[in-house]
Amino acid sequence: MSDNTQVVQQEEYHKLNLIERMGYGFGDFAQNLVFGTVGGFLALFLTTVNAIGTATAGFIFLFVRIVNVLWDPMVGTYVDKRSSRAGKYRPWLLRAGIPLVILGALLFAPIPGVRGSVPFIFITYLLLDLVYSVVNIPYGSLNASLTRNPESVDQITTTRMTLANVANLLVYTLFPMFVQMVAPKDRSLKDTGLFGLKLNMGTYTDPSADHAWFGVYAVYMVIGAIALFLCYKFTKERVVANAEQSAQVKVYDFFVEFKNNKPLIILGIFFMLAFTFMFFMNTVNGFFYQYTVDHSDWMGAVGLIASIPGIAFTVFWPKLKKTFGKKGFFQLFLGMFVVGEILTWIWSLDGMHDQLWLAYVSTFIKQWGLSSATGFMWALVPEVVSYGELKSGKRNAAIINAIMGLFFKIGFTLGGAVPLWFLAAYGFNGDAAHQTAHALSGINMTAIWIPAVLAIVSMIVMQLYPLSDKDVDNINKELDAKRAEMKQIEA
């Protein structure tokens with residue numbers, strides 16, 4: 001091994017310590033607080049508290065995502081072509097992070113005169129989504145820039161997903177419970193379903209709850225801003241394109257990667273499907289608890305139990321990958337998700353709504369499968385970046401993450417807009433305290449059956465992914481030799 005190769009490996013194969021891994025994971029924590037709450041609850045907030053039509057809300061989500069088709073490639077190219085003393089990707093966590101949390105808060109702000117205003121919601125949501133790309137694309141690129149050490153890459157994924165799922169606990173479990181605790185209408189002592197714990201809770205789907213939504217979300221935004229700063233503070237870029245490579249980056253590279261990077265396309269399709277069925281479920285989850293099983297008071301307790309695997313079991317992901325293989329890992333957990341959805345359907349049947357144990361079991365299994373499959377897929381992105389570098393000679397990390405972000409946004413769009421159109425088609429009425437049987441069928445279709453079918457399709461797509469662990473090792477060896485050669489030329 002030459003001296004130049006040793007230098008490359010010392011720099012790029014750095015083994016990350018726990019502080020560095022947690023530092024990076026705080027970025028996921030922050031983004032899930034900011035954007036996860038929007039993805040999980042904005043639709044419910046708009047169609048009930050803010051009095052915007054269900055179909056109208058769906059079209060807002062759709063149009064904003066269409067804009068991203070043009071926006072994300074430009075963001076990826078802009079970021080890849082530039083750098084600063086603070087790094088190529090890290091500075092954007094602060095530059096765009098602060099506007100992100102402000103715009104997020106504005107979506108839920110009880111501003112006099114704009115309740116039910118479609119233009120206000122449209123413009124604010126559009127700006128939020130555009131700024132989110134300027135945070136998320138550099139953040140995703142930073143993942144591939146911290147190290148190329150395979151063990152550390154897996155450890156980064158487990159650490160970041162642990163913190164992401166802590167944020168998901170705050171979002172999908174505790175956020176609706178906190179809002180109900182502050183909501184003023186119909187307040188009464190209710191059983192939360194958590195070992196007999198009773199809390200004084202109100203109705204959070206009534207317009208009178210607007211200040212409750214904003215107050216809780218504002219606290220989340222402050223926490224999110226602090227987490228973004230910690231991510232900036234405790235990360236360091238080691239694997240980045242040199243000045244010559246950066247200068248050669250073109251918008252056209254976006255399409256070159258589409259053409260030449262087969263693993264990227266297959267992984268991107270998997271991302272799209274995964275985020276579609278995840279947001280299908282998340283978008284309608286509040287509707288399901290509120291109207292199908294009539295237990296919105298259980299959301300906190302059931303979600304708390306269901307969040308355990310995503311927080312406590314992520315440390316087992318690397319070992320499970322070695323045991324079952326990369327593809328077997330995804331088949332196992334996607335299969336668990338489907339089983340969980342079937343059990344959720346049983347819970348939705350008449351006479352089963354008050355079975356708390358079934359709520360616990362179905363959601364626990366479903367979330368274990370979901371958090372593992374959609375969490376560990378991020379570990380595949382750095383190897384796709386390296387594959388693209390080997391093929392093109394350019395380390396277009398931001399462009400590749402823009403492509404992944406585009407697939408994510410398509411999934412987020414379908415998962416956010418289509419369920420609302422389904423609900424509108426099935427006759428959902430946001431002003432009614434109770435829904436018709438037909439409307440309840442629409443909620444079940446979007447919360448249970450469509451996500452289950454898409455999860456099965458995702459299992460088939462993952463079987464087509466071409467990069468094995470051995471392939472990734474060979475790619476890294478070839479890149480080591482090329483980078484060492486470049487250093488020798490520069491010397």
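Before reading on, note that the structure itself is shown above.
So, how was this worked out
Residues numbered from 1 in each chain as written. Predicted model: local features only at pLDDT ≥ 70, side-chain atom pairs only at ≥ 80, totals over all residues. Heavy atoms only, no water. Pairing = 2+ DSSP bridges. Helix = DSSP H or I, 4+ residues; strand = E, 2+ residues; numbered from the N terminus. Axes fitted to C-alpha atoms, helices over the stretch in contact; angles between N-to-C directions. Left-handed = near helix turned anticlockwise from the far one by under 90°. Nonpolar A, V, L, I, M, F, W, Y, C, P; charged D, E, K, R; others polar. Phe/Tyr/Trp six-rings, centres within 6.5 Å; stacked < 30°, edge-to-face > 60°. Buried < 20%, exposed > 50% of the residue type's maximum accessible area, 1.4 Å probe, protein only. Core = buried A, V, L, I, M, F, W, Y, C linked by side-chain atoms within 4.5 Å. Contact = heavy atoms within 4.5 Å. Patch = residues over 30% accessible without salt bridge, like charges linked within 9 Å, V, L, I, M, F, W, Y side chains within 5 Å. Areas by Shrake-Rupley, 256 points an atom, 1.4 Å probe, with all protein chains shown as cover. Salt bridge = Lys/Arg side-chain N within 4 Å of Asp/Glu carboxyl O.

Trainee: What exactly am I supposed to notice about the pairing of strand β1 (residues 188-191) here?
Mentor: The side chains of a regular strand alternate, residue by residue, between the two faces of the sheet. Across four bridges, the pairing between β1 and strand β2 (residues 198-201) is antiparallel. Each residue of the ladder has a partner; that of Ser188, found in β2, is Met201. Taken together, β1 and the strand that follows it, β2, pair antiparallel across an intervening segment of six residues, in which Gly193 is found at a positive phi of about 85 degrees.

Trainee: Looking at this model, I keep getting lost on the packing of helix α3 (residues 54-81) against helix α6 (residues 118-146). Mind explaining?
Mentor: To characterise two packed helices, one gives the angle between the axes of the helices and the distance between these axes. Taken N-terminus to C-terminus, the directions of α3 and α6 make an angle of 30 degrees; their axes are 9 Å apart at the nearest point. Every pair of crossing elements has a handedness; the one defined by α3 and α6 is right-handed. Within the contact of α3 with α6, the residues separate by chemical class into 17 nonpolar, four polar and three charged.

Trainee: What is the right way to look at the packing of aromatic side chains in this model?
Mentor: The geometry of an aromatic ring pair is captured by the separation of the ring centres together with the interplanar angle, meaning the angle of the planes. Counting across every chain of the model gives 42 aromatic pairs. Seen from their ring centres, Phe45 and Trp213 are 5.1 Å apart, and the 55 degrees between their planes marks the pair as tilted. Residue Phe45 is located in helix α2 (residues 18-49), and its partner Trp213 is located in helix α8 (residues 210-233); the two are separated by 168 residues in the primary sequence. Judged by relative accessible area, which is 3%, Phe45 ranks as buried. Both rings, one in Phe364 and one in Trp368, keep their centres 5.9 Å apart while their planes meet at 70 degrees; by these two values the pair is edge-to-face. Of the two residues, Phe364 and Trp368 are both situated in helix α15 (residues 356-376); the distance of four residues between them amounts to about one turn of the helix. Trp368 gets classed as partly exposed once you look at its relative accessible area, which sits at 26%.

Trainee: Help me understand the nonpolar core, please; the structure alone is not making it clear to me.
Mentor: Side chains of nonpolar character tend, in soluble globular proteins, to be buried together. Leu42, Tyr125, Trp213, Tyr220, Phe271 and Phe330 are the most contacted members of the largest nonpolar core, which totals 151 residues. Looking at which element gives the most residues to this core, the answer is helix α11 (residues 262-292), with 18 residues. With near-sequence residues (within four places) excluded, Tyr220 lies in contact with Leu33, Thr37, Leu170, Val171, Leu174, Phe175 and Phe178.

Trainee: Would you mind showing me how to read the environment of Val315 here?
Mentor: In this structure, Val315 sits in the loop between α13 (308-312) and α14 (317-348). By relative accessible area, which is 56% here, Val315 ends up exposed. For Val315 and Phe258, which are 57 residues apart along the polypeptide, the C-alpha to C-alpha distance reads 33 Å.

Trainee: It is not clear to me how the environment of Lys322 should be interpreted in this structure. Could you clarify?
Mentor: Structurally, Lys322 is set in helix α14. Considering only alpha carbons, one finds Lys322 and Asp469, 147 residues apart in sequence, at a separation of 9.7 Å.

Trainee: How should a nonpolar patch on the surface be read in this particular structure?
Mentor: A cluster of nonpolar side chains, namely Ile98, Ile102, Leu106 and Ile111, defines an oily patch on the protein surface of about 310 Å² accessible area. The partly exposed category is assigned to Leu106, whose relative accessible area is 32%.

Trainee: Sorry, what's going on with unusual backbone geometry here?
Mentor: Negative phi values dominate among residues other than glycine, just as trans dominates among peptide bonds. You will see that Ala51, though not glycine, has its phi angle at about 60 degrees, which is positive. Among the secondary structure elements, Ala51 is positioned in the loop between α2 and α3. Taking the relative accessible area as the measure of exposure, Ala51 reaches 41% and is therefore partly exposed. The phi angle at Asp186 is positive, at roughly 55 degrees, despite the residue not being glycine. Checked against the element boundaries, Asp186 lands in the loop between α7 (150-182) and β1.

Interpretation in functional terms is not warranted from these geometric data alone.
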